[in-house]
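# Observations on the model geometry
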Amino acid sequence: MESMTGQLLVATPALKDPNFDRTVVLLVAHEPGGALGVVLNRATEVPVSEVLGNWGTMARDPAVLFEGGPVQPESAICLARTHPGVRRARGFHRVSGSIGTVDLSVDPESLQDSLAGIRVFAGYSGWSGGQLEEEISSGSWFVFDALPGDAFVERPDDLWPMVLRRQGGILAAVAHFPPDVALN
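We now turn to the structure provided with this report. All of these numbers come straight from a predicted model, not from anything done at the bench.

## Some words on the overall build of the protein chain
- Along its length, the protein chain carries four helices and 10 strands.
- Its helices and strands taken in sequence order, the protein chain reads β-β-β-β-α-β-β-β-β-β-α-β-α-α from the N to the C terminus.
- Its C-alpha atoms give the protein chain a radius of gyration of 16 Å, within 12% of the compact-globule value 16 Å for 184 residues.
- For the protein chain, the spread of C-alpha atoms along the three principal axes comes to 50 × 35 × 30 Å.
- By the burial criterion, 42% of the 184 residues in the protein chain qualify as buried.
- Carbon and sulfur atoms form 50% of the exposed surface of the protein chain, whose accessible area is close to 9400 Å².
- Looking at charge distribution, the protein chain has the averaged site of its 13 positive side-chain charges lying 7 Å from that of its 22 negative ones.

Quick look at the structure:
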């Protein structure tokens, strides 16, 4: 099994689970024992600064918490993007390219010169070993390469159609699929 860490899962219209309707998930870990990711396009209205104080100054617009998924919504996962040329930063664990997770117990001021921005996710999306692969095989998810800016788009509600449109061909047409075909 080849790791899909750093790739995007894009919910297909066939995926009927309301937790994942029209979601884009960045996989931050994918191993034989399972997978873990965060939903990139479910912003809340809760400012990061309200929950995590000084970390709020590093959050990119919209500087709010995101719903990372249905698992452990009381936990937080922080994604970060490093400045160009940064090889290492204290508490930063690279996922792919300039994107990684950050240990929120580290002093945010110590990372200001290394990080271009952060996103904080309440909860995460998780799959047991083989579960994600089965969901992909059954047509629930498209798998695409992530672009460095995907995790930090200013209009997260637009991410699902944006990722599909850039694939071209028939996949670009899926971006226009109505939320409820019965109303079409």
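Read on for the rest.
## A look at the side chain of serine 140
- Of note, serine 140 is situated in the loop between helix H2 (131-137) and strand E10 (141-145).
- Classification of serine 140 as buried rests on a relative accessible area of 13%.

## Digging into the pattern of salt bridges
- Counted according to the given criterion, the structure contains two salt bridges.
- Among the salt bridges present, the one from arginine 166 reaches aspartate 150, with a minimum N-O distance of 2.6 Å. Taken together, the residues span a long stretch of sequence, with arginine 166 in the loop between helix H3 (159-165) and helix H4 (169-174) and aspartate 150 in the loop between E10 and H3 at a distance of 16 residues.
- For aspartate 150, a relative accessible area of 3% gives the class buried.
- Aspartate 158 serves as the salt-bridge partner of arginine 155, at 2.8 Å between the closest nitrogen and oxygen.
- Exposure remark for aspartate 158: the relative accessible area of 30% places this residue in the partly exposed category.

## Considering the pairing of strand E9 (residues 115-128)
- Taken across its 14 residues, E9 has 10 buried, putting it largely inside the fold.
- Note: strand E3 (residues 34-39) against E9, four bridges, orientation antiparallel. The residue bridging leucine 36 from the neighbouring strand is glycine 126, located in E9.

## A word on the packing of aromatic side chains
- Enumeration according to the criterion identifies five aromatic pairs in this entry.
- Taken together, a centroid distance of 5.8 Å and an interplanar angle of 25° make the contact between phenylalanine 142 and phenylalanine 144 stacked.
- Of the aromatic side chains, those joined through ring pairs into one cluster are Phe20, Trp127 and Trp141.

## A short note on the pairing of strand E6 (residues 71-82)
- Relative to E9, E6 runs antiparallel, the two sharing eight bridges. Residue pairing in the sheet places cysteine 78 in a bridge with valine 120 of E9.
- As judged from the four bridges shared by E6 and strand E8 (residues 99-102), these two strands associate in the antiparallel manner. What sits directly across from cysteine 78, in E8, is valine 102.

## Describing the environment of threonine 82
- As for its position among the elements, threonine 82 is in strand E6.
- For threonine 82, a relative accessible area of 6% gives the class buried.
- Separated by 35 residues in sequence, threonine 82 and glycine 117 have C-alpha atoms that sit 7.3 Å apart.
- Discounting residues that sit within four places of it in the chain, threonine 82 has contacts with Phe92, Arg94, Ser98, Ser114, Leu115 and Ala116.

Conventions used here
Residues numbered from 1 in each chain as written. Predicted model: local features only at pLDDT ≥ 70, side-chain atom pairs only at ≥ 80, totals over all residues. Heavy atoms only, no water. Helix = DSSP H or I, 4+ residues; strand = E, 2+ residues; numbered from the N terminus. Rg over C-alpha atoms; globule rule 2.2 N^0.38 Å. Buried < 20%, exposed > 50% of the residue type's maximum accessible area, 1.4 Å probe, protein only. Areas by Shrake-Rupley, 256 points an atom, 1.4 Å probe, with all protein chains shown as cover. Lys, Arg positive; Asp, Glu negative; His and termini not counted. Charge placed at Lys NZ, Arg CZ, Asp CG, Glu CD. Salt bridge = Lys/Arg side-chain N within 4 Å of Asp/Glu carboxyl O. Pairing = 2+ DSSP bridges. Phe/Tyr/Trp six-rings, centres within 6.5 Å; stacked < 30°, edge-to-face > 60°. Contact = heavy atoms within 4.5 Å.

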